[in-house]
Amino acid sequence: MFENLLEMQERGARDRARGRSLADNPMSKPDILPITDFQEWYSMFDAWRFGWSIEDAMAGHINMPRDSGALAQTYTRTV
């Protein structure tokens with residue numbers, strides 16, 4: 001199970017790097033992936049979202065004022 005969670009986090013990070021949104025979480029489509037164990041499903045859902053959020057934060061996709069006078073952040077991600 002632990003390896004599956006890490007894989008789902010990595011998938012979330014890759015999906016964010018590819019421009020996908022939070023709504024693209026593969027675990028949010030129960031018709032494709034039927035829910036048999038709610039706790040396991042939520043763990044996978046949350047792992048993907050966590051990976052997506054980490055990538056989003058690292059890429060600088062946060063709501064900051066553009067006129068703050070701070071230097072622009074640059075980030076390069078290879079997937």
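Use the structure listed above.
It should be emphasised that the depicted structure is a prediction, and the values quoted were computed from it without experimental measurement. (Residues numbered from 1 in each chain as written. Predicted model: local features only at pLDDT ≥ 70, side-chain atom pairs only at ≥ 80, totals over all residues. Heavy atoms only, no water.)

Draft legend 1. Region of the structure containing the overall build of the protein. Within the protein, the regular secondary structure consists of two helices and zero strands. Taking all contacts inside the protein whose residues are at least 6 apart in sequence as the whole, residues at least 24 apart take part in 66%. When the accessible surface of the protein is summed, it comes to about 6100 Å², and 53% of that surface belongs to carbon and sulfur atoms. (Helix = DSSP H or I, 4+ residues; strand = E, 2+ residues; numbered from the N terminus. Contact = heavy atoms within 4.5 Å. Areas by Shrake-Rupley, 256 points an atom, 1.4 Å probe, with all protein chains shown as cover.)

Draft legend 2. Focus on a nonpolar patch on the surface. On the surface, Ile 35, Phe 38 and Tyr 42 cluster together to form a nonpolar patch covering roughly 310 Å² of accessible area. One can find Tyr 42 in helix α2 (residues 38-58). For Tyr 42, a relative accessible area of 37% translates into the label partly exposed. (Patch = residues over 30% accessible without salt bridge, like charges linked within 9 Å, V, L, I, M, F, W, Y side chains within 5 Å. Salt bridge = Lys/Arg side-chain N within 4 Å of Asp/Glu carboxyl O. Buried < 20%, exposed > 50% of the residue type's maximum accessible area, 1.4 Å probe, protein only.)

Draft legend 3. Here's a closer look at helix α1 (residues 2-17). The first and last C-alpha atoms of α1 sit 23 Å apart over 16 residues, in line with the 22 Å expected at 1.5 Å per residue. Listing the buried residues of α1 in full gives Met 8, Gly 12, Ala 13, Asp 15 and Arg 16. The buried residues of α1 occupy an angular sector of 165° when the element is viewed end-on, so they sit on one face. Those residues of α1 that are buried lie in contact with α2. Gly 19 sits one or two residues past α1 and shows a positive phi near 95°. (Expected span 1.5 Å × (residues − 1). Arc of directions from axis to C-beta.)

Draft legend 4. Spotlight on the side chain of Asn 25. Examined against the element boundaries, Asn 25 turns out to sit in the loop between α1 and α2. Judged by its relative accessible area of 1%, Asn 25 falls in the buried class. A distance of 3.1 Å separates the side chain of Asn 25 from the backbone oxygen of Phe 45, its partner in a polar contact. Beyond its immediate stretch of four places on either side in the chain, Asn 25 contacts Phe 45, Trp 48 and Arg 49. (Polar contact = N/O pair within 3.5 Å; in protein donor to acceptor, adjacent residues only side chain to side chain.)

Draft legend 5. Main features of the side chain of Asp 15. Of note, Asp 15 is situated in helix α1. A polar contact of 2.9 Å, which involves the side chain of Asp 15, links it to the side chain of Trp 48. The residues touching Asp 15, leaving out its near neighbours within four places in the chain, are Arg 20 and Trp 48.

By themselves, these are just geometric observations and shouldn't be taken as functional.
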